[in-house]
Amino acid sequence: MSIETGRAYLRARGYEDRIQEFSVSSATVELAAQAVGCEPARIAKTLSFAVDGGCVLIVCAGDAKIDNAKFKAQFHTKATMLTPEQVLDFTGHAVGGVCPFGIDNPAVTAYLDVSLRRFDTVYPAAGNAASAVRLSCGELDILSNSSRWIDVCKNWS
């Protein structure tokens, strides 16, 4: 279901031609960077957290890590990642292929981390663990229906 959902969502907005599908896994930042042929930092990974009974998606640069203090200041709770089953239930995407596109669950809110802004082009998953889509940060912002840009990551520069 998930790659079809991502593809349909991107097709309806004129971005289907940007989707890349691979014969190898792109489930981790390193594997995705190899498949795409870019530096790992340009992979826009989508991390899923439990917040107030819902799901918060943080889309951040491949080299960024969640800063627990910043997360707590932003969301007023500890950064608790969802289980793979919870991720699938909330987003319709399996871990390794989670993307912020086409999710119609009102319990899911997407945010973009400022760690991405240093790049002209980034590569989030398109809905499964063997895909990516080439987007500018502005396009990602619009297509993800992001709530807003936030600063909750560390270890990037």
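See the structure printed just above.
Residues numbered from 1 in each chain as written. Predicted model: local features only at pLDDT ≥ 70, side-chain atom pairs only at ≥ 80, totals over all residues. Heavy atoms only, no water.

> It is not clear to me how the sheet that holds strand E3 (residues 54-61) should be interpreted in this structure. Could you clarify?
The strands that make up a sheet pair up through hydrogen bonds in the backbone, lying either parallel or antiparallel. With mixed pairing, 6 strands are arranged side by side in an open sheet as E8-E6-E2-E3-E5-E9. One side of each edge strand has no neighbouring strand; the edge strands of this open sheet are strand E8 (135-136) and strand E9 (149-150). Here strand E2 (residues 43-51) pairs with strand E6 (residues 121-124) via 2 bridges, running parallel. Within E6, the position partnered with Ala44 by the bridge is Pro124. In this fold helix H4 (residues 84-91) packs onto E2, E3 and strand E5 (108-113), with an angle of close to 100° to the strand it touches most, E3. (Pairing = 2+ DSSP bridges. Helix = DSSP H or I, 4+ residues; strand = E, 2+ residues; numbered from the N terminus. Contact = heavy atoms within 4.5 Å. Axes fitted to C-alpha atoms, helices over the stretch in contact; angles between N-to-C directions.)

> Explain the pairing of E5 to me, please; I cannot follow it from the model alone.
The two faces of a sheet get side chains in turn, since along a regular strand they alternate between them. Burial of E5 is extensive: 5 of the 6 residues sit out of reach of the surface. Pairing between E3 and E5: 5 bridges, direction parallel. Its bridge partner lying in E5, Val56 is registered against Thr109. Judged from the 2 bridges that link them, E5 and E9 form a sheet pairing that is parallel. Counterpart to Leu112 in the pairing with E9 is Trp149. (Buried < 20%, exposed > 50% of the residue type's maximum accessible area, 1.4 Å probe, protein only.)

> Could you clarify how one ought to interpret the side chain of Arg18 in this entry?
Secondary-structure assignment places Arg18 in the loop between helix H1 (2-12) and strand E1 (19-21). Its relative accessible area of 18% is what places Arg18 among the buried residues.

> What am I meant to see in unusual backbone geometry here?
Trans peptide bonds make up most of the peptide bonds, and negative phi angles are found at most residues other than glycine. With a phi close to 50°, Asp52 is a non-glycine residue in the positive phi region. For Asp52, the position within the fold is in the loop between E2 and E3. You can call Asp52 exposed: its relative accessible area is 78%. A positive phi is found at Asn155, a non-glycine position, where the angle reads about 65°. Relative to the elements of secondary structure, Asn155 occurs in the segment after strand E10 (153-154).

> Explain the pattern of salt bridges here, please?
Opposite charge on two side chains permits them to pair, given that their charged atoms come into close proximity. Counting across every chain of the model gives 7 salt bridges. Residue Glu139 is joined to Arg18 by a salt bridge in which the shortest nitrogen-to-oxygen separation is 2.8 Å. Separated by 121 residues along the polypeptide, Glu139 in helix H5 (residues 137-143) and Arg18 in the loop between H1 and E1 bring together distant segments of the chain. Judged by relative accessible area, which is 18%, Glu139 ranks as buried. Asp63 is the salt-bridge partner of Arg118, the closest N and O atoms lying 2.5 Å from each other. Placement of the pair is Arg118 in the loop between E5 and E6 and Asp63 in the loop between E3 and strand E4 (65-66), with a sequence separation of 55 residues. Arg118 sits in the partly exposed class, given a relative accessible area of 30%. (Salt bridge = Lys/Arg side-chain N within 4 Å of Asp/Glu carboxyl O.)

> When you look at the nonpolar core in this model, what are you seeing that I'm missing?
The nonpolar side chains of a soluble globular protein tend to be buried, and buried together. By size, the foremost hydrophobic cluster in this structure holds 38 residues, and its most contacted members are Ile58, Ile66, Phe75, Phe101, Leu116 and Leu140. Contributions of two or more residues to this core are made by H1, E2, E3, helix H3 (68-75), E5, H5 and E9. Considering every element that reaches this core, the biggest residue donor is E3, with 5 residues. Excluding anything up to four places from it in sequence, Ile66 contacts Leu47, Phe49, Ile58, Phe71, Ala79, Val152, Cys153 and Lys154. (Core = buried A, V, L, I, M, F, W, Y, C linked by side-chain atoms within 4.5 Å.)

Interpretation note: all reported values are geometric properties and have no functional meaning in isolation.
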